[in-house]
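# Remarks on the overall topology
Read off the chains here:
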Amino acid sequence: MHSIYARVNNASALWSTCVMVLLGAVALSSFLFNADPKGDLGIVSLKVYHSKTRRYPFKNEEIGFVKFNLSADLTPLFNWNTKQLFVYLEAEYASAQGVNNTVVIWDRIVRSKEDATIDVVQKDKYRLRDLSGSFSNVLAGQYSLKYNVMPYVGVLSYGEAARTSEPIEFPAARDSVS
């Protein structure tokens, strides 16, 4: 006859196997949903100003400020396995040396399908700064709205909902913020 420990072990093994098979099925079913959200992104203004750095008060740098219009419908990304979305606006540009830079200038966490329709007219949440300290030799930049789908079970998926139609040039730096 089996002891009580053997019976508990068999029951827990059966239970954990069933749970793992169920979670595997949930994770695999996420690949069946192919949503393609669309949005519109427009850059209203891009201004660059001279500024002092925070760490080194005698060093000058240039800081970029972006104002944008953004509208996107991300509701197709929500299904029964979607926990939340991480949505962010990204600036991509290359320096004169050919170094590609990607900077996040705005982000938001969307936790429900009701909040997945985004209509934003505002300025950037994070400032544009280049490692060289200057935007004078920087090529024109592209701006795009990207998202990460965070499921309850499974792998993260990434995508792009909107992009500017043409690259936007960085203007010459101004002396004061107006």
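What you see is a predicted model; the values in this text were computed from it and never measured. (Residues numbered from 1 in each chain as written. Predicted model: local features only at pLDDT ≥ 70, side-chain atom pairs only at ≥ 80, totals over all residues. Heavy atoms only, no water.)

## Quick notes on the overall build of the chain
A tally of regular secondary structure across the chain gives 1 helix and 8 strands. Along its sequence from the N terminus, the chain presents helices and strands in the succession α-β-β-β-β-β-β-β-β. Relative to the globule expectation of 16 Å for 178 residues, the C-alpha radius of gyration of the chain, 24 Å, shows a markedly less compact shape. Projected onto its principal axes, the C-alpha coordinates of the chain cover approximately 85 × 35 × 30 Å. A buried classification covers 37% of the 178 residues belonging to the chain. Taking contacts inside the chain between residues at least 6 apart in sequence as the whole, the part at least 24 apart equals 67%. When the accessible surface of the chain is totalled, it reaches about 11,400 Å², and 56% of it is carbon and sulfur. (Helix = DSSP H or I, 4+ residues; strand = E, 2+ residues; numbered from the N terminus. Rg over C-alpha atoms; globule rule 2.2 N^0.38 Å. Buried < 20%, exposed > 50% of the residue type's maximum accessible area, 1.4 Å probe, protein only. Contact = heavy atoms within 4.5 Å. Areas by Shrake-Rupley, 256 points an atom, 1.4 Å probe, with all protein chains shown as cover.)

## Quick notes on the layout of surface pockets
Summary: where empty space remains is shown by rolling a probe the size of a single water molecule over the atoms. Here the largest pocket is characterised by a volume of approximately 310 Å³. The wall of the largest pocket is formed by 16 residues, among which Ser30, Phe33, Asn79, Val149 and Ser157 lie closest to the centre. Elements represented by at least two residues in the lining of the largest pocket include exactly β7 (142-151) and β8 (157-163). Among the elements that make up the lining of the largest pocket, the one with the highest residue count is β7 (3 residues). Split by residue class, the lining of the largest pocket holds 10 nonpolar, 6 polar and no charged. (1 Å grid on protein atoms, 1.4 Å probe; cavity = no way out; pocket = protein on both sides within 12 Å on 5 of 7 lines; lining within 4 Å. Points joined across faces, edges and corners; volume = space filled by probe spheres on them. Nonpolar A, V, L, I, M, F, W, Y, C, P; charged D, E, K, R; others polar.)

## What about the environment of Pro151?
Tracing the backbone through its elements, the reader meets Pro151 in strand β7. In this structure Pro151 touches Asn81, Thr82, Lys83 and Leu156, once residues within four positions along its chain are discounted.

## Here we look at the pattern of salt bridges
Under the defined criterion, the tally for this structure stands at 8 salt bridges. When the shortest N-O distance is used, the salt bridge between Glu92 and Arg163 registers 3.5 Å. Taken together, the positions of Glu92 in strand β3 (residues 82-94) and Arg163 in strand β8 put the pair 71 residues apart, joining distant regions of the chain. Under the relative-accessibility criterion, Arg163 is labelled partly exposed at 33%. In this structure, the salt-bridge partner of Lys125 is Asp107, at a minimum N-O distance of 2.8 Å. (Salt bridge = Lys/Arg side-chain N within 4 Å of Asp/Glu carboxyl O.)

## Observations regarding the environment of Tyr152
Mapping Tyr152 onto the fold places it in the loop between β7 and β8. Measuring from C-alpha to C-alpha, the distance between Tyr152 and Gly42 comes to 33 Å, with 110 residues separating the pair along the chain. Excluding residues within four positions of it along the chain, Tyr152 makes contact with Trp80, Asn81, Thr82 and Lys83.

## A short note on the nonpolar core
Counting 33 residues, the largest nonpolar core has Phe68, Leu74, Val87, Trp106, Leu128, Tyr143 and Phe170 as the members making the most contacts within it. For this core, the secondary structure elements donating two or more residues are β1 (38-52), β2 (60-73), β3, β4 (100-110), β5 (117-123), β7 and β8. Ranked by residue count, the leading element in this core is β3, at 5 residues. With residues up to four places along the chain from it excluded, the contact list for Trp106 reads Phe68, Leu70, Val87, Tyr88, Leu89, Ile118, Val120, Gln122, Lys125, Tyr126 and Leu145. (Core = buried A, V, L, I, M, F, W, Y, C linked by side-chain atoms within 4.5 Å.)

## Overview of the sheet that holds β3
Overall, antiparallel pairing links the 4 strands, which are arranged β4-β3-β7-β8 in an open sheet. Across the chains shown, the open sheet's two edge strands, defined by having one partner strand only, are β4 and β8. Taking the axes of each pair of neighbouring strands and ignoring which way they run, one obtains an average angle of 30 degrees across the sheet. In this structure, β3 lies alongside β7, joined through 10 bridges in antiparallel fashion. Across the sheet, the residue bridging to Gln84 is Met150, located in β7. (Pairing = 2+ DSSP bridges. Axes fitted to C-alpha atoms, helices over the stretch in contact; angles between N-to-C directions.)

## Description of helix α1 (residues 4-29)
Here α1 spans 38 Å end to end across 26 residues, near enough to the 38 Å set by a 1.5 Å rise per residue. Among the residues making up α1, those that are buried are Val26, Ala27 and Ser29. (Expected span 1.5 Å × (residues − 1).)

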